[in-house]
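Residue-level listing of the chains:
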Amino acid sequence: MLHTSESFPQINQDLEQNVLKRMPKDLDFSLKALKTDELPCRQSKFLIPPSKVNTLSLETMEILNTLNLNQQSRTPKSSEDILNSVSAREKYQDLLDPMRKLPLPYKYKRLLTLHEYIDTTIHNATLRNLPTAFENIKQAIESTYSNTFELEQLQKIIFLCPHFYTLAWEIDEDKEKLLITIPESETFSLSSIHNRNNELFKELIKLTKRYHNSHLASLIPKVHFDPDVAMTWHSSFAIHDVPDVNLAELPEKKTLESPIVTKVSVGKQLRAIRLVQLCGILQGIFEDVKTPSIFMKSLLKKIEAEKGKNEDPMLLENDVVELCEIFHTWISIIKTGSGDVVRINKQLDFSQKTAAGKIKEKYN
């Protein structure tokens, strides 16, 4: 028996509704064929006025032109400059420090960090009965901390804090080695490293303040600025351009002589070291003053303050007189009615290295 669609009217009705619900395949009735101009324009209800651009002043235009010129004339850095530049961590390290304090020049910061490495390495080597010669300490620091360690850096630390280390030459396997020891090694601890590092930090701050005060004195008009109150240096002070720390003299190498001769040579050696250090102190004192002349009494007080300890004024005066005899073209004493005046020839190209050589020749 064959059934037709007329026998089932409900099925016919459902089929007609499904056909109406389906989207027409004819493109004329498709939504994709609708033109944009046939759609209702909703934007016509909201009229947006055109944006108005204000004209810039002449002063602003000049600033923008200057910035553009600087940007165009900027030369790209070479790979060598990038490698030798200061890292971002080192540059902004003071901002991460929870204790706010005066910042140091980059070269002084590196010296401060290196001092902590030296003390820690010598302390660990002493506990393990390992050699503390310079070459051994240098190798340990460079392999442990990936930080270069040169003899000149040790001399800079000793110049600021002479009591930190004791240096002595020794012969080991027919080779001369510079032995480095810490005088208070028996009572040395980790807190001692921290205290010694703070002491070096104070000396570096004192040295930076001296250059800062000299800079302020050269400004016209005069500027009264206290870095301890502001906890920063004056904005015009180029902190990273300050001179480096002077080098302390190394002890003389041992010679196979009689004990009496050796005792005399040690006395001469100490005298030479004292005079060489005085040359560096005098250079620093006269850099801070505009005039190249200072009364002897005032100069002795300044020398005593730089050394940080009380000394016999007559002994200091004898040291100055002896330097005048050795370097008569650089330093001299002028007799006046108000007292002796010490005068420095600032135009003379005087180097501490040359002075050390000349003083050694006298005491050899």
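Residues numbered from 1 in each chain as written. Predicted model: local features only at pLDDT ≥ 70, side-chain atom pairs only at ≥ 80, totals over all residues. Heavy atoms only, no water.

A look at the overall build of the chain
Inclusion rule: Secondary structure elements are taken from DSSP: a helix is a run of H or I of four residues or more, a strand is a run of E of two residues or more, and numbering for both begins at the N terminus. In this scheme, a residue with accessible area under 20% of its type's maximum is buried, one over 50% is exposed, and one in between is partly exposed, where area comes from a 1.4 Å probe on protein chains only.
A count of helical and extended segments in the chain gives 14 helices and five strands. In the chain, which comprises 364 residues, the share counted as buried stands at 29%.

Here we look at the packing of aromatic side chains
The criterion, for reference: Aromatic rings from Phe, Tyr and Trp, taking only the six-membered ring of Trp, are treated as a pair when their centres fall within 6.5 Å; an angle between ring planes under 30 degrees marks them as stacked, one over 60 as edge-to-face, and anything in between as tilted.
For the coordinates displayed, the defined rule picks out five aromatic pairs. Measuring from centroid to centroid gives 4.0 Å for Y117 and Y145, while their planes differ by 10 degrees, and the two rings are stacked. A residue pair is termed long-range when its members are at least 10 positions apart, and Y117 in helix α6 (residues 106–127) and Y145 in the loop between α7 (134–144) and α8 (151–160) qualify at 28 residues. On the basis of relative accessibility, which here comes to 30%, the residue Y145 falls in the partly exposed class.

What about the pattern of salt bridges?
Filter applied, for reference: When a carboxyl oxygen of Asp or Glu is within 4 Å of a side-chain nitrogen of Lys or Arg, the pair counts as a salt bridge.
What the rule picks out here adds up to 12 salt bridges. The salt bridge involving K138 is made with E142; its shortest N-O contact spans 2.8 Å. Separated by four residues within a single helix, K138 and E142 lie in helix α7, roughly one turn from each other. For K138, a relative accessible area of 15% corresponds to the buried category.

Here we look at the pairing of strand β4 (residues 331–336)
Moving residue by residue along a regular strand, the side chains alternate between the two faces of the sheet. Our working rule: Pairing between strands is defined by DSSP: at least two bridges between the two strands are required.
Here β4 runs beside strand β5 (residues 339–344); their pairing, made up of six bridges, is antiparallel. Its bridge partner lying in β5, T336 is registered against G339. Connecting β4 to the antiparallel partner β5 that follows it, the hairpin turn spans two residues.

Side note on the packing of α6 against α7
Selection criterion: Inter-axis angles, ranging from 0 to 180 degrees, are taken between N-to-C directions of lines fitted to C-alpha atoms, where helices are fitted over the stretch in contact. By the definition used in this description, the sense in which the near helix is turned from the far one sets the handedness, with an anticlockwise turn below a right angle giving left-handed and a clockwise turn giving right-handed. The contact criterion used is simple: two residues touch if any of their non-hydrogen atoms lie within 4.5 Å. Under the scheme applied here, ten amino acids are nonpolar (Ala, Val, Leu, Ile, Met, Phe, Trp, Tyr, Cys and Pro), four are charged (Asp, Glu, Lys and Arg), and all others, including Gly, are polar.
Their axes nearest at 10 Å, the elements α6 and α7 cross at an angle of 115 degrees. Between α6 and α7 lies a crossing of right-handed hand. Where α6 abuts α7, its residues L114, Y117, I118, T121 and I122 lie against I137, A140 and I141. Class assignment of the residues belonging to the contact of α6 with α7 gives a composition of seven nonpolar, one polar and no charged.

Digging into the nonpolar core
Just so we agree on the cut-off: Only buried residues count toward a nonpolar core. Its members are Ala, Val, Leu, Ile, Met, Phe, Trp, Tyr and Cys residues joined through side-chain atoms within 4.5 Å.
I118, L154, Y165 and L204 are the most contacted members of the largest nonpolar core, which totals 41 residues. Residue assignment for this core shows that the elements contributing at least two residues are α6, α7, α8, β1 (166–172), β2 (175–181) and α9 (190–218). C279, I285, C324 and W330 belong to the second largest nonpolar core, which has 29 residues in total.

Concerning the side chain of T208
As for its placement among the helices and strands, T208 is situated in helix α9. Given a relative accessible area of 0%, T208 falls into the buried group. Not counting residues up to four positions away in its chain, the partners in contact with T208 are L104, P105, Y108, W233, F237 and I239.

Notes on the confidence of the model for the chain
For clarity, the threshold we go by: A score between 0 and 100, pLDDT records how confident the predictor is in each residue.
Looking at the chain, pLDDT values average 78 and 72% of them are 70 or higher. In the model of the chain, helix α3 (residues 79–84) stands out as the element of lowest mean pLDDT, 52, in contrast to α8, which has the highest, 94. Residue range residues 29–34 is modelled with pLDDT below 50. Its contacts to residues more than four positions away, or to other chains, number two contacts. Segment residues 256–264 is flagged for pLDDT under 50; beyond a separation of four residues in sequence, or across chains, it makes one contact in the model.

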